[in-house]
Amino acid sequence: MPNGSGDDGGGQQQINSMALGNCLFGCFKGLLECAWQCVQFWTPLTVIVILLWLIYRPDRFRPRVDSAVLAALQLDQPAQQLRYDLAVDLSFRNSHRRLTIRYLDVGATAFYNGTKLGPADDALPAPFRQGPKNTTVLHPAFRGAVAVDSGVAAELEGELAAGTVHLRVSVALTLMYKVWLAKDVFFYKYDCWLWFPPPANDTPAVFNAGTQCWAT
């Protein structure tokens, strides 16, 4: 008589396969349910975060040079030193209706044709706060003398002869925006381009056109 061991083994394998299939299906179903619960939880939260960002996002921020006075920009011979005396009215506008800006660090440096003029980058007062819809004006001053090479000296002589000298003020800012418990810190760097008629001995040159500074 056949002992039926082959049939019993095949049936057991079939049962094991069905059990494994049910287990895998149950796991997959559990993963889908978990994913759906995550979607149900995170979708409203994501929408809320996006709406808050649209309401409280920082506006495009750019400082502005309102005016400037160039009292001196001349080459002292034979040492070939560039003597300079520049004062700038630098304004920072918070145009946001809700956000307060905290200025953690403010620096301004003047350049002529790539040659750095003082003061140091940390010469301006910081930190300070600026409320919504508010403007703060700082007054960096650059006075002193710096040695220059023959190329810079020749460029200055050419601009003096042409009747217009060009200077660049570089502004570096570290700002913090705070919305409830969330804080965002941003670092910005800008170039502000100024142009003047050559200053006379007793008559400083005035820049009163105003100009926006551009991010670099």
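Structural notes, computed from the coordinates. (Residues numbered from 1 in each chain as written. Predicted model: local features only at pLDDT ≥ 70, side-chain atom pairs only at ≥ 80, totals over all residues. Heavy atoms only, no water.)

Section: the pattern of salt bridges
Part 1: Under the defined criterion, the tally for this structure stands at four salt bridges.
Part 2: A salt bridge links D66 to R64, with the nearest nitrogen and oxygen atoms 3.6 Å apart.
Part 3: The partly exposed category is assigned to R64, whose relative accessible area is 30%.
Part 4: For D191, the salt bridge identified is with R168, shortest N-O distance 3.3 Å. On the criterion of sequence distance, the pair formed by D191 in strand β9 (residues 182–196) and R168 in strand β8 (residues 165–179) is long-range, its members being 23 residues apart.
Part 5: Note on R168: relative accessible area 18%, which makes it buried. (Salt bridge = Lys/Arg side-chain N within 4 Å of Asp/Glu carboxyl O. Buried < 20%, exposed > 50% of the residue type's maximum accessible area, 1.4 Å probe, protein only. Helix = DSSP H or I, 4+ residues; strand = E, 2+ residues; numbered from the N terminus.)

Quick word on the side chain of E159
Part 1: Looking at where E159 falls in the secondary structure, it is placed in helix α2 (residues 150–162).
Part 2: No salt bridge is formed by the buried E159. Its closest oppositely charged neighbour is R168, at 11 Å.
Part 3: A distance of 3.3 Å separates polar atoms of two side chains, one belonging to E159 and the other to Y112.
Part 4: Residue contacts for E159: discarding those within four places in its chain leaves Y112, T164, V165 and H166. (Lys, Arg positive; Asp, Glu negative; His and termini not counted. Polar contact = N/O pair within 3.5 Å; in protein donor to acceptor, adjacent residues only side chain to side chain. Contact = heavy atoms within 4.5 Å.)

Looking at the pairing of strand β3 (residues 101–112)
Sheet faces and side chains relate simply in a regular strand, where the side chains alternate between the two faces.
Part 1: Of all the 12 residues making up β3, nine are buried; the element is thus mostly covered by neighbouring parts of the structure.
Part 2: In this sheet, strand β5 (residues 128–130) lies alongside β3 in antiparallel orientation, the contact comprising three bridges. What sits directly across from Y103, in β5, is F128.
Part 3: Pairing analysis gives three bridges linking β3 to strand β4 (residues 115–117), with the strands arranged antiparallel. Bridge pairing in β4 links A110 to L117.
Part 4: From the end of β3 to the start of β4, which pair antiparallel, there are two residues, and N113 there has a positive phi angle of about 50 degrees. (Pairing = 2+ DSSP bridges.)

Re the packing of aromatic side chains
Part 1: Throughout the structure, instances matching the rule amount to seven aromatic pairs.
Part 2: Here the aromatic rings of Y103 and F128 are separated by 4.5 Å at their centres, their planes lie at 10 degrees, and the arrangement is stacked. With Y103 in strand β3 and F128 in strand β5, the pair connects residues that are 25 residues apart, well separated along the chain.
Part 3: Where Y177 meets F186, the ring centres are 5.4 Å apart and the plane angle is 75 degrees; that geometry is what we call edge-to-face.
Part 4: Three or more aromatic residues joined by ring pairs form one cluster here, namely Y177, F186, Y188 and Y190. (Phe/Tyr/Trp six-rings, centres within 6.5 Å; stacked < 30°, edge-to-face > 60°.)

Observations concerning a positive patch on the surface
Part 1: A surface patch of like charges, here positive, comprises R93, R97, R98 and K133.
Part 2: Inspection of the secondary structure assignment puts R93 in strand β2 (residues 81–94).
Part 3: Judged by relative accessible area, which is 37%, R93 ranks as partly exposed. (Patch = residues over 30% accessible without salt bridge, like charges linked within 9 Å, V, L, I, M, F, W, Y side chains within 5 Å. Areas by Shrake-Rupley, 256 points an atom, 1.4 Å probe, with all protein chains shown as cover. Charge placed at Lys NZ, Arg CZ, Asp CG, Glu CD.)

Some points on the state of the cysteines
Part 1: Per the stated rule, a full pass over the model turns up one disulfide.
Part 2: Residue pairing for C192: its cysteine sulfur links by disulfide to C213, the two sulfurs lying 2.0 Å apart. Its S-S torsion of about 105 degrees marks the bond between C192 and C213 as right-handed, since a negative value means left-handed. In this pair, C192 sits in strand β9 while C213 sits in the loop between β11 (211–212) and β12 (214–215), placing the two residues 21 residues apart along the sequence. (Disulfide = S-S within 2.5 Å.)

Focus on α2
Part 1: For α2, built from 13 residues, the straight-helix expectation of 18 Å at 1.5 Å per residue is met to within 8% by its first-to-last C-alpha distance of 18 Å.
Part 2: Those residues of α2 that sit buried are V152, A153, L156 and E159. Looking straight down α2, one finds its buried side chains confined to an arc of 130 degrees; they lie on one side. The outward face of α2, more than 90 degrees from its buried face, is lined by the exposed residues S150, A161 and A162.
Part 3: Here α2 starts with a cap whose side-chain oxygen sits 3.2 Å from the backbone nitrogen of G151, and that cap is D149. (Expected span 1.5 Å × (residues − 1). Arc of directions from axis to C-beta.)

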